[in-house]
Protein chains: 2
Amino acid sequence: MTAETTAIGVDWGTSSFRAFRFAADGEMLEGRRAQAGILAIDAGEFEDAFEELIGDWLDAAPDVPVVLSGMIGSRQGWLETPYLPCPAAVDDIAGALVPLTLARGRVIRLAPGLSVRADDGIPDVMRGEEVQILGAVDLIGSATATVCLPGTHSKWARVESRRVTSFSTHMTGEVFDVLRRHSILGRGIEHAAWDEEAFLEGVTRSGAEGGLLHHLFGVRAAGLFGDLAPEGAGAFLSGLVIGHEIRAAAPVDTVYLVGEEELVRLYREALRVLGHQGEAVAAHAAACGLFLIADSLGRGGGR
Amino acid sequence: MTAETTAIGVDWGTSSFRAFRFAADGEMLEGRRAQAGILAIDAGEFEDAFEELIGDWLDAAPDVPVVLSGMIGSRQGWLETPYLPCPAAVDDIAGALVPLTLARGRVIRLAPGLSVRADDGIPDVMRGEEVQILGAVDLIGSATATVCLPGTHSKWARVESRRVTSFSTHMTGEVFDVLRRHSILGRGIEHAAWDEEAFLEGVTRSGAEGGLLHHLFGVRAAGLFGDLAPEGAGAFLSGLVIGHEIRAAAPVDTVYLVGEEELVRLYREALRVLGHQGEAVAAHAAACGLFLIADSLGRGGGR
């Protein structure tokens, strides 16, 4: 290690583990990735896995803050941390980190999740995405923004004055997957195929009369009439649910997208079709957010 | 048989077989039901099954019209019949019946389905429900009505001057079932339980901001916070999707409901919560519709 490590950050989610070590100015000195998501690890085995994955970093930088975010702080993770109600900024998260002492005596800190309640009292939650969102806002250099993390459970967040003021989760990816695998729609879908035009048609269709439950049946009916080939049906369905998500989220300004490259591309296309603007954020939003929290902690924000 | 049979009608769907024989005035002389839906019968075995189920009726009434409706006329059924475009009345259906000659020489007639196209060209289809809808309209004695058949694929039809002028299918029942069995929501649902209050809360929630894909995640988030018990989560989810269906269908007058008693009760409740009026139609709407078609055929409507 040439530059000195001043902080270690870990984004430990359901299906993946990503660790970063940072220099004092926030520069990422090294990143490490593993398919060691929390679902792949038995309860009681988290510390062993953690030591195996970045024990050498802990040895080499014995005094720097170590911050973990993501589903590692859930009931199914290492230690359940609370949900911090919105609005929440980096300093609020740093102030709510939950310490955990390793067998070697080292203290590491797990981030809380965020929660928000709709006007009718129904809650929404996130764990890990808040770190990416606050990192993204720092990367784009704007204190106010709409940030979207598309995926299995897409997150849409509103950030004002560098605080997450509200957010909503949409089960878009999971609904798409469950429908194509387990509903009658799957029979008309050639799963390996992709048809970009059909995707865009699905996005457009999301604005027609009748709502999502009706539009879903249209995938089948259009297939029966030969209007939609099996090679395009999966893409049409994808466009339909993504279109419904975007219409429901109703963005009022540029949507900053954080996520896997191809999915971000699809959301940018869908946003364009619906008259909105989407911009991809550099992929290291999680790393940036983790550094900001560790840095806040170092400046006393978390004391 | 005391009164003379003048027509035989069969509603042969995916999961059930229902046959009726009628007197000249439309009175149902006898009904017969079997779990012999088309999915339970191998291709090539339909005639044997048909003879077994009502061969004695055919023997006893050798000259009366025999009309079949439902999925029996689909690609997976006995003989594929076309879809008749809306608007369509009883006489139109009678005129589009597809004859099929049995081994015994008897001619029976399969009803077409109905189709409609949205403004953007996406089609919708039904097979069998059109007979129930036209039967229901006759039973309620109104030439103009909104008719809803709730279920796996709910149908909403607009009838004007005794013609089905438009309709829409909503995958409500199937989406509910697939989500509770195959999505993450299933983990928070006690499947055997029902909570009427939670159902009504789900209906109300359907009108909140954020759209269906967001509201679905609320089932999980409310469960995490203990706001929604597993005993109520299934009912809440049911109310949510039914509420979204009704809001999308946006009825402008009384909704006449045809279907299984408990489901009709739930839709009436949901309609009431959303400020609409629902009325149950007597369960023999299919029989009534089949008689009307056979009667039209007898009067030359189908010649």
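A brief structural summary.

**Side note on the overall build of chain A**
Of regular secondary structure, chain A possesses 9 helices and 14 strands. By the compact-globule yardstick of 19 Å for 303 residues, chain A fits well, its C-alpha radius of gyration being 21 Å. Taken over the C-alpha atoms alone, chain A extends approximately 65 × 40 × 40 Å along its principal axes. Residue burial in chain A is summarised as follows: out of 303 residues, 52% are buried. Within chain A, contacts between residues separated by at least 24 positions form 67% of all contacts whose residues are at least 6 apart in sequence.

**Focus: the sheet that holds strand β7 (residues 107-110) of chain A**
Residues and elements named next belong to chain A. Across the sheet, which stays open at both edges, the 6 strands sit in the order β3-β2-β1-β4-β7-β6 with mixed pairing between neighbours. Lying at the two open borders of the sheet, with one neighbouring strand each, are β3 (28-34) and β6 (98-101). Recorded for the sheet is a direction-independent mean angle of 20 degrees between the axes of neighbouring strands. Looking at chain direction, β6 and β7 are connected through 4 bridges and run antiparallel.

**A word on the nonpolar core**
Among the nonpolar cores identified, the biggest contains 190 residues, and A:Val147, A:Ile293, B:Val147 and B:Ile293 are the most heavily contacted of them. Taken together, domain 1 (7-139) and domain 2 (170-280) of chain B each give at least three residues to this core, which thus spans both. Those residues in contact with A:Val147 that lie beyond four places of it in its chain are A:Ile133, A:Ala136, A:Val137, A:Ala157, A:Val159, A:Tyr256 and A:Val258.

**Quick notes on the environment of A:Arg268**
Residue and element names in this part refer to chain A. Mapping Arg 268 onto the fold places it in helix α8 (residues 261-273). When the 18 C-beta atoms within 10 Å are taken as the criterion, Arg 268 is described as partly exposed. Dropping the residues within four chain positions of it, Arg 268 is found in contact with Leu 257, Gly 278 and Ala 280.

**So, the pairing of strand β4 (residues 66-69) of chain B**
Residues and elements named next belong to chain B. The two faces of β4 match: Val 66 and Leu 68 on one face and Val 67 and Ser 69 on the other face are all buried. Where β4 lies against strand β7 (residues 107-110), 2 bridges are found, and the strand directions are parallel. Looking across to β7, one finds that Leu 68 is bridged to Leu 110.

**Here's the deal with the relation of the copies chain A and chain B**
In screw terms, the move from chain A to chain B is a rotation of 180 degrees and a rise of 0.0 Å along the axis, fitting with an RMSD of 0.0 Å. The superposition operator between the copies reduces to a two-fold rotation axis. In terms of C-alpha distance to the rotation axis, chain A has A:Val178 as its closest residue, with the C-alpha 3.5 Å off the axis. Interface overlap between copies is the fraction of interface residues in one copy that are interface residues in the other; for chain A against chain B it reaches 98%, indicating a shared surface.

**Notes on the interface of chain A and chain B**
Contact residues are listed per partner, giving 40 residues for chain A and 39 residues for chain B. Elements with a contribution of two residues or more to the side of chain A that touches chain B: β9 (123-126), β12 (163-170), α4 (172-182), α6 (211-224) and α7 (230-249) of chain A. Along the lines of polarity and charge, the residues of the side of chain A that touches chain B split into 20 nonpolar, 12 polar and 8 charged.

**Some points on the sheet that holds strand β11 (residues 154-160) of chain B**
Residues and elements named next belong to chain B. Strand order across the open sheet formed by 5 strands is β12-β11-β10-β13-β14, with mixed pairing between neighbours. Every other strand in the sheet has two partners, leaving β12 (163-170) and β14 (278-280) as the edge strands with one partner each. With strand direction ignored, the average angle separating the axes of adjacent strands in the sheet is 25 degrees. Note: β11 against β12, 7 bridges, orientation antiparallel. What sits directly across from Ala 157, in β12, is Phe 167. Along the sheet face, helix α3 (residues 129-140) touches β10 (145-149), β11, β12 and β13 (255-257) and points at about 135 degrees away from the line of β10.

Parameters at a glance
Residues numbered from 1 in each chain as written. Chains lettered and ligands numbered in written order. Predicted model: local features only at pLDDT ≥ 70, side-chain atom pairs only at ≥ 80, totals over all residues. Helix = DSSP H or I, 4+ residues; strand = E, 2+ residues; numbered from the N terminus. Rg over C-alpha atoms; globule rule 2.2 N^0.38 Å. Buried ≥ 20, exposed ≤ 12 C-beta atoms within 10 Å, placed from the backbone. Contact = placed C-beta atoms within 7 Å. Pairing = 2+ DSSP bridges. Axes fitted to C-alpha atoms, helices over the stretch in contact; angles between N-to-C directions. Core = buried A, V, L, I, M, F, W, Y, C linked by C-beta atoms within 7 Å. Domains from an automatic or database assignment. Least-squares fit on C-alpha atoms with pLDDT ≥ 70 in both. Nonpolar A, V, L, I, M, F, W, Y, C, P; charged D, E, K, R; others polar.

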